[in-house]
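# Examining the three-dimensional arrangement
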Amino acid sequence: RIQEDPLRVLRAVRFKNRFGFAYEEQTYADLKLAVAEGKIDSISGERLYGELTAMLKTAESRRAVIEDLDELGILQKILPELVAGKGIEQGSEFHAEGDVWTHQLLIMEALPRDASTELIWATLLHDIGKPRKQRLPAGKGERITFHGHDMTSAELARPILNKLKFSNEQKAQILWLIEQ
C-alpha cells in the first residue's frame with residue numbers, strides 16, 4: 001500500500017507519533033525502502049505542508065517526529081537544511097546541549113502544546129543558518145559565534161516555505177519570527 005501512495009510514508013510517521021504506535025518490522029522496512037527509492041519526491045508541496053504540520057501539531061512529542069523523519073531518511077530529502085545542524089558545535093557556555101541539531105530537537109520539545117503553526121515552523125527553522133555562519137575561535141578567550149545566523153536562517157527558510165505553499169501571511173509571520 002505504501003508503494004501506491006507515497007504520502008502514506010508521512011501518514012505512518014504522523015499516526016505513530018500521534019497515537020503512540022510502533023512500526024511493525026516489515027512496515028518500517030517498507031517505509032525506508034519507499035524513501036530510498038525517492039517515492040516521497042513526488043509529493044506536492046501542499047501535501048507535504050499538510051502532513052508535516054499535522055504531525056508537528058498533534059504528536060505527543062515533536063522531537064520524536066523529527067527523530068522519526070530523520071531515521072527514515074525523510075528529513076534529508078525534504079528539509080536537508082535542518083539535518084545540516086548535526087555536529088555543528090555551539091559552545092558550552094550558551095548551549096550545554098552541544099550541537100545545533102540537539103538544540104533544534106530540544107527547542108521543538110519545549111514548545112507549548114497549543115503553539116500556532118507559525119510558531120512551530122519558525123522554531124523548526126530558526127537555526128538552519130547556523131551551519132553557514134559558524135565561526136570557530138581563532139585564539140584563546142574567544143568563543144564559537146554565529147553572527148548573522150538569524151538573517152541567513154530566514155533566507156534559507158523562504159524557499160522552504162514557498163515549496164510547501166505557505167500563505168503569504170504565514171510566510172511573513174514565520175520569517176519575522178526567525179529574524180527576531
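Our structure is the block above this text.
Cut-offs used in this document
- Residues numbered from 1 in each chain as written.
- Predicted model: local features only at pLDDT ≥ 70, side-chain atom pairs only at ≥ 80, totals over all residues.
- Heavy atoms only, no water.
- Salt bridge = Lys/Arg side-chain N within 4 Å of Asp/Glu carboxyl O.
- Helix = DSSP H or I, 4+ residues; strand = E, 2+ residues; numbered from the N terminus.
- Buried < 20%, exposed > 50% of the residue type's maximum accessible area, 1.4 Å probe, protein only.
- Expected span 1.5 Å × (residues − 1).
- Arc of directions from axis to C-beta.
- Contact = heavy atoms within 4.5 Å.
- Core = buried A, V, L, I, M, F, W, Y, C linked by side-chain atoms within 4.5 Å.
- Patch = residues over 30% accessible without salt bridge, like charges linked within 9 Å, V, L, I, M, F, W, Y side chains within 5 Å.
- Areas by Shrake-Rupley, 256 points an atom, 1.4 Å probe, with all protein chains shown as cover.

## A closer look at the pattern of salt bridges
Within this structure, the stated rule accounts for seven salt bridges. Between Arg 11 and Glu 51 there is a salt bridge, with its nearest N and O atoms 3.3 Å apart. Here Arg 11, found in helix 1 (residues 7-19), pairs with Glu 51, found in helix 3 (residues 45-58); they are 40 residues apart in sequence, far enough to count as distant. Taking the relative accessible area as the measure of exposure, Arg 11 reaches 25% and is therefore partly exposed. One salt bridge in this structure joins Glu 67 and Arg 63, with 3.0 Å as the shortest N-O distance. With Glu 67 and Arg 63 both in helix 4 (residues 62-71) and four residues apart, this pair spans about one turn of that helix.

## Describing helix 11 (residues 168-179)
End to end, helix 11 covers 16 Å across twelve residues, agreeing with the expected 16 Å (1.5 Å per residue, within 8%). Of the residues making up helix 11, those classed as buried are Gln 170, Lys 171, Ile 174, Leu 175 and Ile 178. Across the axial projection of helix 11, the buried residues extend over an arc of 120°, all falling on one side. Turned more than 90 degrees off the buried face of helix 11, the exposed positions are Asn 168, Glu 169 and Trp 176. Each element contacted by the buried residues of helix 11 is listed here: helix 3, helix 8 (117-125) and helix 10 (149-163).

## Comments concerning helix 1
Taking 1.5 Å as the rise per residue, helix 1 with 13 residues should run 18 Å; its terminal C-alpha atoms sit 18 Å apart, in good agreement. Every buried residue of helix 1 is listed here: Leu 7, Val 9, Leu 10, Val 13, Arg 14, Lys 16 and Asn 17. Elements in contact with the buried residues of helix 1: helix 2 (25-36), helix 3, helix 4 and helix 5 (74-78). Positive phi appears at Gly 20, one or two residues downstream of helix 1, with a value of about 75°.

## Focus on the nonpolar core
In this structure, Leu 69, Ile 74, Trp 121, Leu 124 and Leu 125 are the most contacted members of the largest nonpolar core, which totals 48 residues. Ignoring any residue separated from it by four or fewer positions in sequence, one finds Leu 69 in contact with Leu 10, Val 13, Leu 52, Met 55, Ile 74 and Leu 75.

## Some thoughts on a nonpolar patch on the surface
Where nonpolar side chains cluster on the molecular surface, the patch consists of Phe 15, Phe 19 and Phe 21 and spans about 310 Å² of accessible area. For Phe 19, the position within the fold is in helix 1.

Taken by themselves, the reported measurements are silent on function.
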